[in-house]
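Residue-level listing of the chains:
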Amino acid sequence: MVSLTRRTMGVLAERAKLLLEQSGGQLIKASPKPKIGVLLTNTGTPSGYSYWPMRRYLSQFLRDRRIIEAPALIWYPILYFFILPFRPFKKGKCYKAIWNTEKDESPLRTISRNQAKLLQDVLSAQGQSDVVVSWAFRYGEPSIEEGIAELQKAGCDRLVLFPLYPQYSATTTASMWMLLSTLSSSSVTRWLFARFQPTTVIQSLSKLLQRPSKTVFKNLETLTSL
């Protein structure tokens, strides 16, 4: 009985060796560890400050029903005949004044990328290698759809959406929620809402406004007067 068992084990060992050789030494491939994707989102920015990039961005922004709640029958003629033909020129000049010429992009795009990288570095330093951080915009590029697709491609089966707004608003967070509801395969399983202390926000804005720099006011004008 013992010799039969040894003979059987020897045959199995030979077969296992043969299978290992045929599979390149990987007979059993371990399944990858599930990953969690964190998508930092913000309002958005145009891809350039010339007429057509500005027009595309403004068109997408101003056609959002959460931004302009007027009936489309009334609003669209105003938008397409009186706003989009002219406003891209004016706003393009504002963006040109603050444009990141080194990277050829707007400051918000640069800041958003840096925020995602810093958060990724912090999580990696804490040993959370199963968390992947990316960033996207409600309007412009990269879009939220592209951000979700990127995280899914990276192997994330659970997604967390993190809108970077100091408070809830129908024109910001709710707009993202409406967009998400139209994406049937978004796989977003959780939302995180920023909980900023009001005093902290006020103090930060106060320090910003006290800086004797024209760039500060140009940034504020650009970001608040679309």
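Conventions used here
Residues numbered from 1 in each chain as written. Predicted model: local features only at pLDDT ≥ 70, side-chain atom pairs only at ≥ 80, totals over all residues. Heavy atoms only, no water. pLDDT = per-residue confidence, 0-100. Helix = DSSP H or I, 4+ residues; strand = E, 2+ residues; numbered from the N terminus. Contact = heavy atoms within 4.5 Å. Buried < 20%, exposed > 50% of the residue type's maximum accessible area, 1.4 Å probe, protein only. Polar contact = N/O pair within 3.5 Å; in protein donor to acceptor, adjacent residues only side chain to side chain. Axes fitted to C-alpha atoms, helices over the stretch in contact; angles between N-to-C directions. Parallel < 35°, antiparallel > 145°, perpendicular 65-115°, else oblique. Nonpolar A, V, L, I, M, F, W, Y, C, P; charged D, E, K, R; others polar. Core = buried A, V, L, I, M, F, W, Y, C linked by side-chain atoms within 4.5 Å. UniProt positions renumbered as here; feature names shortened; annotations may be inferred.

**Quick notes on the confidence of the model for the protein chain**
Move 1: Across the protein chain, pLDDT averages 81, with 73% of residues at or above 70.
Move 2: At the low end of the mean pLDDT range in the protein chain sits helix H1 (residues 2-22), at 48; at the high end sits helix H2 (residues 51-62), at 97.
Move 3: A low-confidence stretch, residues 8-13 (pLDDT under 50), is modelled with zero contacts involving residues beyond four sequence positions or located in other chains.
Move 4: Segment residues 25-29 is flagged for pLDDT under 50; beyond a separation of four residues in sequence, or across chains, it makes four contacts in the model.

**Some words on the environment of Ser 106**
Move 1: Summarising the element assignment, Ser 106 is placed in the loop between helix H4 (87-98) and helix H5 (107-125).
Move 2: Looking at Ser 106, the relative accessible area reads 2%, which means it is buried.
Move 3: Setting aside its immediate chain neighbours within four residues, Ser 106 contacts Thr 45, Tyr 95 and Trp 99.
Move 4: Within polar-contact distance, the side chain of Ser 106 engages the side chain of Thr 45 at 2.5 Å.

**Some words on unusual backbone geometry**
Move 1: The omega angle of the peptide bond from Glu 141 to Pro 142 is -5°, so this bond is cis rather than trans.
Move 2: In this structure, Pro 142 sits in the loop between strand E2 (131-140) and helix H6 (144-153).
Move 3: Its identity as a non-glycine residue notwithstanding, Asp 104 has a phi of 55°, on the positive side.
Move 4: Position of Asp 104 among the secondary structure elements: in the loop between H4 and H5.

**Some words on the packing of H2 against H4**
Move 1: Here H2 crosses H4 at 105°, and the two axes come no closer than 9 Å. The orientation of H2 with respect to H4, classified from their angle, is roughly perpendicular. Facing Tyr 51, Met 54, Arg 55, Tyr 57 and Leu 58 of H2, the residues of H4 in contact are Arg 87, Pro 88, Phe 89, Lys 91, Gly 92 and Tyr 95.
Move 2: Per-class residue counts for the contact of H2 with H4 are seven nonpolar, one polar and three charged.

**A few points about the nonpolar core**
Move 1: If you look at the biggest cluster of nonpolar residues, it comprises 13 residues, and the most contacted ones within it are Leu 39, Ile 144, Ile 148, Leu 151, Cys 156 and Leu 159.
Move 2: Membership of the second largest hydrophobic core comes to 12 residues, among which are Met 54, Tyr 57, Leu 62 and Leu 79.

**Remarks on the UniProt feature "transmembrane region" (unreviewed entry) in the protein chain**
Move 1: In this numbering, the UniProt entry assigns the feature "transmembrane region" (unreviewed entry) to residues 67-86.
Move 2: Between the end C-alpha atoms of residues 67-86 there is a gap of 19 Å, over a span that is 60% helix and 0% strand.

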